[in-house]
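What follows is the residue order along each chain.
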Amino acid sequence: MKNKNELIAEISGLVEKSNTILILGHVSPDGDCFGSMAALGMEFIRKGKTVRCAAGDGLTYKYEFIRDYIEILSAEELYDLYKDTDFDLVITVDTADKYRVGSLLEKVFDRQKCSVAIDHHITNPCFSNVNWIEDRSSASELVYEYLVETGADISVRTANVLFAGIMTDTGNFTYSNTTSKTFEIAAELVKYGAETSFLAEEIDRKRTLGATLLVAHAIDTMTLHHDNRIAVMSVSYDEIYGCGALPEDCENLINFARDIDSVEIAVLIREINPLRHKVSLRSKKYADVAKFAACFGGGGHKHAAGCTLDGTTVEIKKKILEEAEKLI
Ligand code: AMP
Ligand code: MN
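Cut-off values and rules
- Residues numbered from 1 in each chain as written.
- Chains lettered and ligands numbered in written order.
- Predicted model: local features only at pLDDT ≥ 70, side-chain atom pairs only at ≥ 80, totals over all residues.
- Heavy atoms only, no water.
- Domains from an automatic or database assignment.
- Contact = heavy atoms within 4.5 Å.
- Buried area = accessible area lost by both parts, 1.4 Å probe.
- Salt bridge = Lys/Arg side-chain N within 4 Å of Asp/Glu carboxyl O.
- Polar contact = N/O pair within 3.5 Å; in protein donor to acceptor, adjacent residues only side chain to side chain.
- Pairing = 2+ DSSP bridges.
- Helix = DSSP H or I, 4+ residues; strand = E, 2+ residues; numbered from the N terminus.
- Axes fitted to C-alpha atoms, helices over the stretch in contact; angles between N-to-C directions.
- Buried < 20%, exposed > 50% of the residue type's maximum accessible area, 1.4 Å probe, protein only.
- Arc of directions from axis to C-beta.

Time to look at the domain arrangement of the protein. Under the domain assignment, the protein is made up of domain 1 (4-204) and domain 2 (209-327). Just the C-alpha atoms count here: the centres of domain 1 and domain 2 sit 26 Å apart. Listed as interface residues are 14 residues of domain 1 and, on the opposing side, 12 residues of domain 2. Here domain 1 packs against domain 2, burying approximately 970 Å² in sum over the two surfaces, 40% of which is carbon and sulfur. On inspection of domain 1 and its partner domain 2, the count reaches 0 salt bridges. One can count 4 residue pairs in polar contact (both at pLDDT 80 or more) joining domain 1 with domain 2.

Okay, here's the thing in structure tokens:
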């Protein structure tokens, strides 16, 4: 297996000889996904490369500030414009499996000859030509190391997006994936000018009325099982829009279940269509939800994982509860 320095050298060698670079992230992109994409994208543009970035439906409400830094297209926009384009290099970030880019971007990915994956999910099956997979708090940590090692210019904007990525994937430096290295990198990013209170305000302390009403609704759907050690919530599109919220507002809903003191496993079942649902899983102490999700074709980390299942909410809830109870 190659060591980190060899991987960074290999990736930067590929970047050097590429003129056109496509950077892709996962469906329902989060702060780490946007942060890693934007930081790499800005650096490659600075180096004179032609760069396109795409993930999900593009930038979401909390990450609007990134719009001033770099363009991040939706999967649909990218597909419409570039479905027949051969890029010199495609890089996926924060993307635990190829299909996680979504069906449209997967088609674009599949036609590219040279691919790199930079990811922090150890369940990643290494689907690219070069795979830098390391068990770290966030992909943004890896991108930071890549930029430092390759002598990149770390601007205030770069520091902001990477800090945002680390901050969101660590739950503001509180999850167990937060290491001393995470704090060291965060401190370096502050030295590079990361505007921490601006980021907290944008990402954590700002919520639409619709998103607020959705929190109330999701809590209302919550059921507790097994001495209140398992909590399950579910939301459908009708409910999301009925509250005046957007699908992206589901990002942190699961924490309202996870944070209940008695709960070890929290589950959020979210509609993709009436017969297909995304399941988010969180555990607190001992349950390994990455393994759990892997049994259902998904993946993630020990304490935060997910999968997508076919079936109605009721069917999926039954199936998930049966398995979750084995871990309790
Ligand atoms: P989420 O519940 O979407 O916040 O995801 C929790 C963690 O699990 C994140 O690190 C995701 O990248 C990962 N994850 C979610 N869904 C999947 C999936 N279908 N396959 C692999 N990893 C996933
Ligand atoms: Mn991540």
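Having seen the structure, we can now continue with the description.
The parallel open sheet is built from 5 strands, whose spatial order is 2-1-3-4-5. Each having just a single partner strand, strand 2 (50-54) and strand 5 (130-133) make up the two edges of the open sheet. For this sheet, the mean inter-axis angle between neighbouring strands, taken without regard to orientation, is 15 degrees. Two elements, strand 4 (residues 115-119) and strand 5, share 4 bridges in a ladder whose sense is parallel. Looking at strand 5, one finds that Ile118 is bridged to Trp132. Docked against the sheet, helix 4 (residues 103-110) engages strand 1 (20-24), strand 2, strand 3 (89-93) and strand 4, running at close to 145 degrees with respect to strand 1.

Within the sequence span of helix 3 (residues 75-82), burial applies to Ala75, Leu78, Tyr79 and Tyr82. Along the axis of helix 3, the buried residues cluster in a sector spanning 100 degrees; they form a single face. When the buried face of helix 3 is taken as reference, the exposed residues oriented beyond 90 degrees from it are Glu76, Asp80 and Leu81. Those residues of helix 3 that are buried are in contact with strand 1, strand 2 and helix 4.

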